[in-house]
Amino acid sequence: MIRLEGVLARLRLFFARRAAESRMNEEFRFHIEMETEKNLRTGMSPTEARRRAAVAFGGVEEHKEDMRDGRGLTWLTGMSLDLKLGFRMLAKSPAHHRSTLALAVLGAVIVGVLPALRATGPHLRAALGNLSGGAKAQLGRTWTVLIVTQVAIAVAVLPPAVLKGRALIVQATQQPGFAADEVLAVRIERDGDDVSDTETPSSELAASVRVRQAELTARLASEPGVVGVTFTDVVPGREADARIEIEGAGTSERIRTHRVDASYFDLFDVKVAAGRSFSSGDMALVSNRPVIVNRSFAAELTIGGEVVGRRVRSR
Amino acid sequence: MAPRSPTDALRGSLDLLVLKTLSLAPTHGWGISQHVQRISDGVLEVNQGSLYPALQRLEKQGLITSAWGTTDHNRRARYYRLTGTGRRALGHELELWRRFAAGLEAVLRTS
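Residues numbered from 1 in each chain as written. Chains lettered and ligands numbered in written order. Predicted model: local features only at pLDDT ≥ 70, side-chain atom pairs only at ≥ 80, totals over all residues.

Caption draft 1: How the structure looks around the overall build of chain B. What chain B contains, in helices and strands, is five helices and two strands. Along the chain direction, N to C, the helices and strands of chain B fall in the order α-α-α-α-β-β-α. Relative to its full complement of 111 residues, chain B shows a buried share of 27%. In chain B, of all internal contacts separated by at least 6 residues, the share reaching a separation of at least 24 is 48%. (Helix = DSSP H or I, 4+ residues; strand = E, 2+ residues; numbered from the N terminus. Buried ≥ 20, exposed ≤ 12 C-beta atoms within 10 Å, placed from the backbone. Contact = placed C-beta atoms within 7 Å.)

As structure tokens, this is what we get:
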């Protein structure tokens, strides 16, 4: 079952803050404009009328902060901004990357290497030396196993941690190519359906999914502030790699793929340069589905000839 | 003691003035500030920017509600309206204020 209430709750939360800020700005603007017009009616020059209105209103940012405090969101906005700025600083300069890496190494030395050296230092070895032969041999093996395990875990965990950290920084700082601040992405899962990303769904299941998507679209579209709703298998910028064969090219290529529905390109205001966009009829197809490729695909892959009409096969 | 301005005396009574103004008719923030200024012959002047945090607080308390509307000059504005709870709160606040004013007046009349 799709947890629609959870989706709607996230949607409302997303819009609540933006709506509150927008409302505040519009109310303040209206007030100052009305006061300016009142001043103009008394014979003031436009500049003076505007200035007096602004003075009478007081510090706009101060009043905004008062209202944000009243809503209890100041700490949240500040934390979000701090994180964003931190990630941007990291991405902007290689020097920041190096200093971050140096700090990470320093942290690893402090919390890992130094305690390990201390634990296996001369005092402990002397203490172990006083033990009887059997116990000494036993503790020696235990320490060896512990240290080897610790080093193995550190070696195994470090590369994925570095890669994950790098991916997080890239995700937080890259320009997605669309107004990401205006998009709310929600992951939807259906209980009881055994469908993996790589598996082609049966026609019955695909039809069932389309019905639920239509219901969900109608509910979401009726929410105030929602411009449009679309469905994709991943958020733009997080596409998975896939290997495909291109008809006539005699080779396979690893590319990033993205399953979307018919409204996707319209919602992101993407114009199709050649061929056609998706139609709702395309969504019902379980095989021979149409594909749209980007300019890089057409330009960089040496497939030869016309791109439109070419067939590709996912491996 | 430094003389207090009428605006200082107004401090703390803003909620009462807002509720009273909205009990007459729904209006926007600027309308509230103009009403208070006009009825008091300019003696009471609402600190314009401070009005909005007060409106937000009253709305959060459920004493007033708001919705977008259109002014006579076809401008979009946020209109505030007194709720049933707000009307009862206004009655209570008025009673408190009148008792306070009567007490103050009684003290000031003594010679």
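Next, the rest of the story.
Caption draft 2: Spatial organisation of the confidence of the model for chain B. Residues and elements named next belong to chain B. For chain B, the average pLDDT comes to 85, and 89% of its residues sit at 70 or higher. Of all secondary-structure elements in chain B, the lowest mean pLDDT belongs to helix α1 (residues 6-10), at 49, while strand β2 (residues 76-82) reaches the highest, 94. Scored as a complex, the prediction yields pTM 0.43 and ipTM 0.84. (pLDDT = per-residue confidence, 0-100.)

Caption draft 3: Fine view of the pairing of β2 of chain B. Residues and elements named next belong to chain B. As judged from the seven bridges shared by strand β1 (residues 64-70) and β2, these two strands associate in the antiparallel manner. Bridging across to β2, Ile64 finds its partner in Leu82. Hairpin connection between β1 and β2: a loop of five residues separates the two successive antiparallel strands, and Asn74 in this loop has a positive phi of roughly 60°. (Pairing = 2+ DSSP bridges.)

Caption draft 4: Inspection of the interface of chain B and chain A at higher detail. Taken together, the contact between chain B and chain A spans 14 residues of the former and 14 residues of the latter. Mapped onto the side of chain B that touches chain A, the elements with two or more residues apiece are α3 (29-39), α4 (48-60) and β2 of chain B. Looking at the side of chain B that touches chain A, the element that brings in the most residues is α4 of chain B, giving seven residues. When its residues are assigned to classes, the side of chain B that touches chain A shows four nonpolar, six polar and four charged. (Nonpolar A, V, L, I, M, F, W, Y, C, P; charged D, E, K, R; others polar.)

Caption draft 5: Summary view of the environment of Asn47 of chain B. Residues and elements named next belong to chain B. Tracing the backbone through its elements, the reader meets Asn47 in the loop between α3 and α4. A tally of 16 C-beta atoms within 10 Å means that Asn47 is categorised as partly exposed. Residues Asn47 and Leu14, 33 residues apart in the sequence, show an inter-C-alpha distance of 9.3 Å.

Caption draft 6: Region of interest: the confidence of the model for chain A. With 68% of its residues at a pLDDT of 70 or more, chain A shows a mean pLDDT of 74. At the level of individual helices and strands, chain A shows its lowest average pLDDT in helix α4 (residues 74-92) of chain A, which scores 52, and its highest in helix α2 (residues 46-57) of chain A, which scores 88.

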